[in-house]
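Overview (structure and organization)
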Amino acid sequence: MTTSEPASELEEESAVETARRQLERAAAHLDVDEGIVERLRHPTSVYRVTIPLERDDGSREMFTGYRAHHDSVRGPYKGGLRYHPGVTEEECVGLSMWMTWKCAVMDLPFGGAKGGVVVDPKELSEDETERLTRRFAEELRPVIGPMKDIPAPDMGTGPQEMAWFMDAYSMQQGETEPGVVTGKPPVIGGSYGRERAPGRSVGIVAREAIDYYDWDIEDTTVAVQGFGSVGANAARYLDDLGASIVAVSDIDGAIYDPDGLDTTDVEDHDETPGMVSGYDAPETLANDELLELDVDILIPAAIGNVLTGENARDISANLIVEGANGPTTSTADQIFEERDIPVIPDIVANAGGVTVSYFEWLQDINRRKWSLERVHQELEDEMLQAWTAIRKEYDARDVTWRDATYIVALSRIAEAHDARGLWP
Ligand code: NAD
């Protein structure tokens, strides 16, 4: 879609369509070989596996798993594994493309991948989840590895699944290979600070944007939708810097205090469900009302597609920093562009997760653990480098922050394709 086309949201865009649209928008600003752009519209390969699972009652059930590899010109494939009933091949392909752009904008030596199993993890016992994960690791073993493709946790998976995955792979390889997955518990090669990293990077990017627009952080008001891993860490980071976090929400509702909430006092939703909405704040709001608050910064950090053609004209924030993946539909994006509301995109804002995953991989390969202080400092450095590159494109061209971010990503990927050429 170009900016001159009318806003229409009759059909919701899929992850593949979003990834391709962003690729084309960025390519229009760059002198990139059309053959390279065409190559990037498609994945390198998609693997579909059948995972037989013995249920606790002795019966057998088959599950379908996928792993999509998008592009590896800059290094091994990298991306999460989700356990969710809605996992599809097309979604894995789209999300693998997003990972290619995300790794490139952070200048990490990785390409994009994504995978998952079509399963509702809530319907599996712990033993069943372990057996499913171990068998999935075995089915994917030919196409993954520390120098090939490094999975990570995503929706429905976490450190325990990564530990089983790593163990299953290592047992079959005959040697301990911690670098085959990231997001592991620190005791077996996970990195300190991995859990906090995506929220922290949202906070760092928001801090840089505040500086760019010459605002005083002490006078900046912030509303955060979704006080989970990403939202709570972003809110606490900005709260520590002096910003006023006036509203936060979880799935049950929002709390509001125009004088600023104490974000360390409000529990993460995941730690204690209902704590956000049950917190004793001066005012409670519906989730939708939080999005429309008159604040300086809105951080949607819950789920995708919450800023839409329906509500984009009612958003009063002066700046949006995307904490969740894909919270803004393309129609809303177009409206924000018309209304001059800057949107700092997800692929840089929440990229702290994959960046600390990269640190974890480095630590695993070198068999040397970094301190939490070092992880924080290296993350700060990587975020500043990415922000500086994006800001340069933003200042040099008449584009949105999202376009500037994709321009940085695509130019790096295209340069690498140019340098390596096509084999044979
Ligand atoms: P989480 O489960 O820890 O937190 C999500 C929060 O959003 C919870 O407070 C939940 O109550 C709330 N929520 C859920 N549905 C909601 C709704 N309809 N309205 C309002 N609030 C709702 O999840 P998370 O790990 O913080 O992930 C949040 C988003 O960030 C997702 O889009 C995820 O893909 C993305 N993300 C996560 C990571 C990561 O490593 N955790 C990294 C990058 C991106």
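Per chain, residue numbering runs from 1 following the sequence as it is written. Side-chain atom pairs in this predicted model are given and counted only at pLDDT of 80 or more, local residue features only at pLDDT of at least 70, and totals for whole chains, interfaces and linings cover all residues. For side-chain calculations, the full set of non-hydrogen atoms in the structure is used, while hydrogens and water are omitted.

Re helix α13 (residues 372–396)
- Only DSSP runs of H or I covering at least 4 residues are called helices, and only runs of E covering at least 2 are called strands; the numbering of each starts at the N terminus. To estimate the expected span of a helix, subtract one from its residue number and multiply by 1.5 Å. Here α13 is 25 residues long and its end C-alpha atoms lie 36 Å apart, about the 36 Å a rise of 1.5 Å per residue gives.
- When accessible area is computed with a 1.4 Å probe and restricted to protein chains, residues below 20% of their type maximum are described as buried, those above 50% as exposed, and intermediate ones as partly exposed. Buried within α13 are the following residues: Val375, His376, Leu379, Glu380, Glu382, Met383, Ala386, Trp387, Ile390, Glu393 and Tyr394.

Quick look at the nonpolar core
- Counting 89 residues, the largest nonpolar core has Trp101, Leu238, Val248, Ile299, Val321, Ile344 and Val348 as its most contacted members.
- Two residues form a contact once any of their heavy atoms are found within 4.5 Å. Those residues in contact with valine 248 that sit more than four places away from it in its chain are Val224, Phe227, Gly253, Ala254, Ile255, Leu261, Val266, Val276 and Leu290. Here, the term nonpolar core denotes a set of buried Ala, Val, Leu, Ile, Met, Phe, Trp, Tyr and Cys residues that are joined through side-chain atoms within 4.5 Å.

Focus on the site of the ligand
- The immediate surroundings of the ligand are formed by 20 residues, with Ser229, Val230, Ile251, His269 and Asn287 found nearest.
- Within the backbone of glycine 228, a nitrogen or oxygen atom sits 3.5 Å from an oxygen atom of the ligand.
- N or O atoms closer than or at 3.5 Å make up a polar contact, with two conditions inside protein: a donor-capable atom paired with an acceptor-capable one, and, for residues adjacent in sequence, both atoms drawn from side chains. Within the backbone of serine 229, a nitrogen or oxygen atom sits 2.9 Å from an oxygen atom of the ligand.
- Method for areas: the Shrake-Rupley scheme with a 1.4 Å probe, in which residue coverage is limited to the protein chains shown. Isolated, the ligand exposes 830 Å² of accessible area, and the fraction of that covered by the protein chains is 75%.
- Looking at the shell around the ligand, its residues break down into eight nonpolar, nine polar and three charged. By convention in these notes, a residue is near a molecule or strand provided one of its non-hydrogen atoms lies within 4 Å of it. Classification convention: Asp, Glu, Lys, Arg as charged; Ala, Val, Leu, Ile, Met, Phe, Trp, Tyr, Cys, Pro as nonpolar; all other residues, Gly among them, as polar.

Thoughts on the UniProt feature "active site" (unreviewed entry) in the protein
- UniProt positions are given in the numbering used here, feature names are shortened, and annotations may be inferred rather than shown by experiment. Under the present numbering, the feature "active site" (unreviewed entry) in UniProt falls on Lys114.
- For lysine 114, the position within the fold is in strand β4 (residues 111–118).
- Lysine 114 sits in the buried class, given a relative accessible area of 7%.
- Beyond its immediate sequence surroundings of up to four residues, lysine 114 is in contact with Tyr66, Arg67, Ala68, Gly80, Arg82, Cys92, Leu95, Ser96, Met99 and Asp154.

What about the pairing of β4?
- With respect to burial, β4 is a largely interior element, seven of its eight residues being buried.
- We call a crossover right-handed when, viewed with both strands directed away from the observer, the connection leading from the first strand over the helix to the second proceeds clockwise. Crossover connection from strand β3 (residues 77–84) via helix α3 (residues 89–105) to parallel β4: handedness right-handed.

So, helix α7 (residues 229–240)
- Look at α7: 17 Å from first C-alpha to last across twelve residues, which is about the 16 Å you get at 1.5 Å a residue.
- The buried fraction of α7 amounts to nine of the twelve residues, a majority that puts the element mostly inside the structure.
- Within α7, burial applies to Val230, Gly231, Ala232, Asn233, Ala234, Ala235, Arg236, Tyr237 and Leu238.
- At the C-terminal side of α7, glycine 242 shows a positive phi close to 110°.

Considering the packing of helix α4 (residues 126–140) against helix α5 (residues 159–173)
- Following both chains from N to C, one finds α4 and α5 inclined at 45°, their axes separated by 8 Å at the closest point. Taken together, the axes of α4 and α5 lie oblique to each other. As α4 packs across α5, the resulting crossing turns out to be right-handed. Each of Glu126, Thr129, Glu130, Thr133, Arg134, Phe136, Ala137, Glu138 and Leu140 in α4 lies in contact with α5, whose residues at this interface are Glu161, Trp164, Phe165, Asp167, Ala168 and Gln172.
- Its residues assigned to classes, the contact of α4 with α5 comprises six nonpolar, three polar and six charged. Every axis in this analysis is a line fitted to C-alpha atoms, fitted for helices over the stretch in contact. Angles between the N-to-C directions lie between 0 and 180 degrees. By definition in this entry, angles of less than 35 degrees are roughly parallel, angles greater than 145 are roughly antiparallel, angles of 65 to 115 are roughly perpendicular, and the rest are oblique. For any pair of crossing helices, the crossing counts as left-handed if the nearer helix is rotated counterclockwise from the farther one by less than a right angle, and right-handed if it is rotated clockwise.

Describing the sheet that holds strand β2 (residues 60–71)
- Across the sheet, which stays open at both edges, the five strands sit in the order β1-β2-β4-β3-β5 with mixed pairing between neighbours. Each edge of the sheet is formed by a strand with only one pairing partner; in this case those strands are β1 (45–54) and β5 (149–153). Adjacent strand axes in the sheet meet at a mean angle of 25° when their direction is disregarded.
- DSSP bridges decide pairing: two strands pair if at least two such bridges lie between them. Note: β2 against β4, six bridges, orientation antiparallel.

Describing the UniProt feature "site: Important for catalysis" (unreviewed entry) in the protein
- With numbering aligned to this structure, UniProt lists the feature "site: Important for catalysis" (unreviewed entry) at Asp154.
- Following the sequence through the fold, aspartate 154 ends up in the loop between β5 and α5.
- Owing to a relative accessible area of 18%, aspartate 154 belongs among the buried residues under this scheme.

Examining the packing of aromatic side chains
- The pairing test for Phe, Tyr and Trp rings, Trp by its six-membered ring, is centres within 6.5 Å, and the orientation test on the planes gives stacked under 30 degrees, edge-to-face over 60, and tilted for anything in between. In the structure shown here, the tally under the stated rule is twelve aromatic pairs.
- An angle of 75° between the planes, with centres 5.9 Å apart, marks the rings of tyrosine 212 and tyrosine 394 as edge-to-face. Taken together, the residues tyrosine 212 in helix α6 (residues 197–212) and tyrosine 394 in helix α13 connect sequence positions 182 residues apart.
- Its relative accessible area of 28% is what places tyrosine 212 among the partly exposed residues.
- For the ring pair tyrosine 358 and phenylalanine 359, a centre distance of 6.1 Å and an interplane angle of 45° mean the geometry is tilted. Exposure class is identical for tyrosine 358 and phenylalanine 359. Each is buried.
- Each member of the aromatic cluster is reached from another via a ring pair, and the members are Tyr212, Tyr213, Trp215, Trp387, Tyr394 and Trp401.
- The rule is short: NZ of Lys or CZ of Arg within 6 Å of the ring centre and within 35 degrees of the ring normal puts a charge over the ring. Its guanidinium or amino end placed over the ring of tyrosine 192, lysine 369 lies 5.3 Å from that ring's centre, counting from NZ or CZ.
- Lying across the ring of tryptophan 370, arginine 374 places its NZ or CZ 3.9 Å from the centre.

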